[in-house]
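Summary of structural features
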Amino acid sequence: MIALMFYRQWRYLALLIVMLAVVGYTSLSSVGRQEDPTITNLFATIVTSFPGATASQVEALVTERIETELREIDEIHEINSTSRQNISVIQIELSSFVPADTIESIWSEVRDAIAQAQPALPASASAPVFDSDRAGAYTSIVSITPSRSQDIALAQRYALSLQDQLRLVPNTKLVRIFGMNEERIRVAVDLQKLQQANLTLTDLVGILAQHDIKQSAGKVESAGSDLLLQPGNQFQSVNDVMNTTIAAATSGQTLLLGDVASVEKGLREPLSRAAYHNQQRTILVGARMQSDKQVHVWSGAINSSLERFTRQLPDNIELETIFNQNDYTTTKINDLLANLAIGIVLVIAILIVTMGMRVALIVASIIPLATLLSMIVFRFIDMTIHQMSITGLIVSLGLLVDSAIVMTDEIKKNLSQLTVQESIQKAVARLWIPLSASTITTILAFMPMVMLPGPSGDFVGSIAISVIVMLVASLLLSLIVTPAIAGQVLTRFPTPQREWQWQQTIALKFRNSLVWAYSHKRKSIPLALLLPIAGFALFPTLTAQFFPGVDRDQFHIEVQFSELSSLTATTEQLQPILEYLNQTEGVKAVSHIVGESFPAFYYNIRSGKDNTPSYAHIYVQTEDAEATGQLVKRLQPELATRFPAAQLLVRKLNQGPPVDAPVEIRVTGTDLHILQRLGDELRLRLAGIESVTSTRASLTAGAPSYQLDIDAASVRALQLTPAEVSEQVRLATIGAPAGFILEDTVQVPVWLKSNVRNRESIINILSLPIQTPAAGTVPLEAIASVTVTPADGDITRLNSERVNIVQAFIDTQVLPDVVFQQVQKSLELNPLAVPAGYEISFGGDAGERAETLRNLVAVLGLVVSLTVITIVMTFNSFRVSAIALLVCLLSVGLSLLSLIVLRYPFGIQAIIGLIGAIGVSINAAIIILTSLQAAAANQRLQVHNVVQEVMHSSKHITSTTLTTFFGFLPLILGGGAFWPPFAVAVAGGVLLSVLLSFYLVPCLFILLAGNQQSQSS
């Protein structure tokens, strides 16, 4: 027996402890460290530009064709697309059951599907851009701000340089630039001068492209050398472009491009996006660390790289870190470690009070040893230290001493009659089966969290893995190390047999209550069932919740203006909102991006906006988490009242997988007008609910567009086709590339179009000169007319069906389920008139919660079966096993009662706590039933014998229960929205389940054993 060997050879025991300390510490120093668990990336985005196309054209010619290929991939769970003017955005979500190691191969299949669809896309559409790196938060976000907005192009160049530098930092996964626009050599052509030269824009594009030769002209080969022959006719500067010969005059003079056009270097116009920090134009650079690495080490390397880069910057460029995840990680981990330390102190204090100083120190030794052993295991399974894994350590704190308490108490009692070695041998032989069974049942209780698929499983699974690793470590140490330590300490430092007066008084009253209960089983059984039944009966009064909010000094605001709003107009309309925010008390800093999403600064923020000039995303840094809560609650109504032209959503950060909105109603169908009408009706109903602060729909009325009607007969008479006229108008208004310049590694395209003033109004457009083979130039208005036509807004689709997603955002003090129930009741009392072929479904918080619960229930069957098998094998009796399983069921009612009494919501964290309570609560029942089985085998089932057996086990059961409860107490008292419901569900269920173990289990066992004896007789 290993425990005896360690007792006899105490040097081996000391060597083992030293080895655990050294290897455990080195493992701890190398284990990854980050703020939150890594969420498996099941999301990807496909963006395709289609310049000049309406939303309907984008849907039919781009989105539909790509989706058709994507539907062939079985692992794709959901395809969510938005077709808007000029662009298609398709978001893919894989099935939650996809193994993590196959995701990259699935993304390869997606890329192949995109390649299959690409030949069918319009020629003017860009190549689809596949992006599977949008999920997750950036670990560091910095701003590069010029002192003058005119120098933003220079800031872009430095951002590119910084991007290259940060990519070289070890363990950096991704570096991206936000707020950056393409640099161009803008060639603005004077059409009248071009007409005088008898040239067209099409001719000019061809001339410039032919002049800019980037291919080799060959090479010179000789016996001793092999030299390339490079053409000199290629653009290398703005002057090269300006001095390009475009025609030769009859007088011998040449016509240069600069004679008919202005040439200058600048950013593309109109801008597609713009970033600001504290209302100054800036470029944002976001860097993301590889998952499961040490964020404090990585951040140190990043900061060193930033310091070196800052020294290279000119005086008119400033670099500032606006977000550093390491700060939040350090704070959160330190807070949890403080809770862990408090929990350890409380557990040791309880052990001292209930079991004495020496026994308490023996049992407490298991805590550091199990923690060190767990760190070794963490290192080998690539487990990361973050808020969830540390919480798992706190959860296991009260559990891991249970086996050590029982083992030490048993050895202590054996020492009164046996030698040390006999006491150790007998205790281990008697307890290894019940201790293993109780550990296995506890592990099985946490297994649904490990097996839960998808983002929810990624988020909470770390808690269960930490608990399981700690429990296994505790069991091994309790069977091997604790007996040896107990043998050494209890014999060398005998514990005085002394009880305090208050202990004797409590023990006497407790014994009397047991005698009464076992003598009046028909009364005590209903009394013991009263509390769990009350929990089940009052369960409907609990308010459901998915994941709660986060206490953090950050929040964000989404702003949507009219679809007609250009990026310039959006920027101007946004200014008073930003000024108001900066003047608001509690706001520390404000950064924002117009035209696209702000870089994700929290792991479940979705970045789904691309090329949307009417959209702005604001990041707000507050003084502290308390200020955030107050501001989020106050700003939503205030901003909506002060700025009615904008649709504003003030959003607080939430835990758990990404959810777009607390309440979401999806209407699917075919006709866009019907979908819009149904969406408007739903928005009216949602707006009538008091706690709803804002609503929005994915389908909206589109901006009007101009339709160019070309007179085909007139055009043919001029020896042109409508397509050729349309191409001339496109070149004049949008332009086209005509070569490029290489500046270091940056490719700057030469972009040619007509004077910018021709695009300012439709009147100027109609005056455009159209060159014809038959009649020189004619104004566009001579051969075409323009009408204003309504256009579709964004067209959203869900799994290839058109859908209008209506979202409701609610007061932060109100749980989503409360509003969801009100919506359902409204639809039941006054049903929406939904035409045939149209369906209504629910998403948002309710949808995600339902899917998570389905996944959780799906694995419960296996876990329950394994639990039953374990319990039956432990007792070798179906009847005794039925009593233990009844305790599992009743502990659910006790956990529910604890949540009801303390008024906590029934969310995913409470459900997980409830499952954990089941496995923990059964441990005491297993110990008592094992003792009673042994007593029954010796025909000792009279009341006084049963009382003696229960009293024999009561001391360590009380100690284990109290240590478990006080281990969770720091989480309960720490406050916040996430941990208290979880801790209350476990701690409350375990504490109250002692009543079942002491008063219900023995009564049922006596009844079953009595019936069995009667049947045998």
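Since the structure is predicted, the reported quantities are computational estimates derived from the model, not experimental observations.

Another aspect to go through is a negative patch on the surface. Taken together, the side chains of Glu72, Asp74, Glu109 and Asp112 define an acidic patch exposed on the protein surface. In this structure, Asp112 sits in helix α4 (residues 103-117).

Below, the discussion takes up the packing of aromatic side chains. Overall, the coordinates contain 15 aromatic pairs when judged by the stated rule. An angle of 90 degrees between the planes, with centres 5.4 Å apart, marks the rings of Phe965 and Phe966 as edge-to-face. Its relative accessible area of 21% is what places Phe966 among the partly exposed residues. An aromatic cluster of at least three residues, connected via ring pairs, comprises Phe323, Tyr328, Phe598, Phe601 and Tyr619. The ring of Tyr328 has Arg552 sitting right over it, with the charged end atom 4.0 Å from the ring centre. Positioned above the aromatic ring of Tyr615 is the side chain of Lys609, whose terminal nitrogen or guanidinium carbon lies 5.2 Å from the ring centre.

Before going further, it helps to spend a moment on the pattern of salt bridges. Should the charged atoms of two oppositely charged side chains come close, the side chains can pair. Under the definition given, this model contains 30 salt bridges. Its salt-bridge partner being Arg184, residue Glu182 comes within 2.8 Å of it at the nearest N-O pair. Judged by relative accessible area, which is 37%, Glu182 ranks as partly exposed. Connected via shared salt-bridge partners are Glu59, Glu64, Glu67, Arg71, Arg797 and Arg802.

Judged by nonpolar contacts, the single largest core of 155 residues is most densely connected at Leu514, Tyr518, Phe601 and Phe998. Setting aside its immediate chain neighbours within four residues, Phe601 contacts Ala137, Ile141, Phe323, Arg552, Gln554, Phe555, His556, Tyr619 and Leu653.

A few words now on the packing of helix α11 (residues 325-355) against helix α12 (residues 357-364). For any two helices packed against each other, the geometry is given by the interaxial angle and the distance between the axes. One way to put it is that α11 packs onto α12 with a least axis distance of 7 Å and a crossing angle of 140 degrees. By the angle between their axes, α11 is oblique relative to α12. The handedness of the crossing between α11 and α12 comes out as right-handed. Seen from α11, the contacting residues are Ile348, Leu351, Ile352 and Met355; seen from α12, they are Met357, Val359, Ala360, Val363 and Ala364.

This next bit is on the domain arrangement of the protein. Looking at the assigned domains, one finds that the protein contains domain 1 (1-15 + 356-496), domain 2 (40-135), domain 3 (183-214 + 231-267 + 703-791), domain 4 (499-541 + 877-1016) and domain 5 (550-653). Measuring from the centre of the C-alpha atoms in domain 3 to the corresponding centre in domain 4 gives 85 Å.

A few words now on the confidence of the model for the protein. This prediction gives the protein a mean pLDDT of 85; 95% of its residues lie at or above 70. At the level of individual helices and strands, the protein shows its lowest average pLDDT in strand β9 (residues 226-228), which scores 69, and its highest in strand β5 (residues 140-146), which scores 95.

Inspection of every chain in the model, using the stated rule, returns six cavities of 30 Å³ or more. Here the largest cavity is characterised by a volume of approximately 260 Å³. If you go around the largest cavity, you meet 24 residues; those closest to its centre are Asp402, Val920, Asn923, Ala924 and Thr960. Going through the elements one at a time, α14 (387-414), α15 (420-451), α16 (454-492), α28 (908-937), α29 (943-973) and α30 (979-1016) are the ones with two or more residues in the lining of the largest cavity. No other element matches α28, which puts five residues into the lining of the largest cavity. In terms of residue class, the lining of the largest cavity is made up of eleven nonpolar, twelve polar and one charged.

The omega angle of the peptide bond from Glu269 to Pro270 is -5 degrees, so this bond is cis rather than trans. Relative to the assigned elements, Pro270 resides in the loop between β12 (261-267) and β13 (274-277). Positive phi outside glycine occurs at Asn198, with the angle close to 60 degrees. Of note, Asn198 is situated in the loop between α6 (191-196) and α7 (201-211). Judged by its relative accessible area of 66%, Asn198 is exposed.

Analysis parameters
Residues numbered from 1 in each chain as written. Predicted model: local features only at pLDDT ≥ 70, side-chain atom pairs only at ≥ 80, totals over all residues. Heavy atoms only, no water. Patch = residues over 30% accessible without salt bridge, like charges linked within 9 Å, V, L, I, M, F, W, Y side chains within 5 Å. Areas by Shrake-Rupley, 256 points an atom, 1.4 Å probe, with all protein chains shown as cover. Salt bridge = Lys/Arg side-chain N within 4 Å of Asp/Glu carboxyl O. Lys, Arg positive; Asp, Glu negative; His and termini not counted. Charge placed at Lys NZ, Arg CZ, Asp CG, Glu CD. Helix = DSSP H or I, 4+ residues; strand = E, 2+ residues; numbered from the N terminus. Phe/Tyr/Trp six-rings, centres within 6.5 Å; stacked < 30°, edge-to-face > 60°. Buried < 20%, exposed > 50% of the residue type's maximum accessible area, 1.4 Å probe, protein only. Lys NZ or Arg CZ within 6 Å of the ring centre and 35° of its normal. Core = buried A, V, L, I, M, F, W, Y, C linked by side-chain atoms within 4.5 Å. Contact = heavy atoms within 4.5 Å. Axes fitted to C-alpha atoms, helices over the stretch in contact; angles between N-to-C directions. Parallel < 35°, antiparallel > 145°, perpendicular 65-115°, else oblique. Left-handed = near helix turned anticlockwise from the far one by under 90°. Domains from an automatic or database assignment. pLDDT = per-residue confidence, 0-100. 1 Å grid on protein atoms, 1.4 Å probe; cavity = no way out; pocket = protein on both sides within 12 Å on 5 of 7 lines; lining within 4 Å. Points joined across faces, edges and corners; volume = space filled by probe spheres on them. Nonpolar A, V, L, I, M, F, W, Y, C, P; charged D, E, K, R; others polar.

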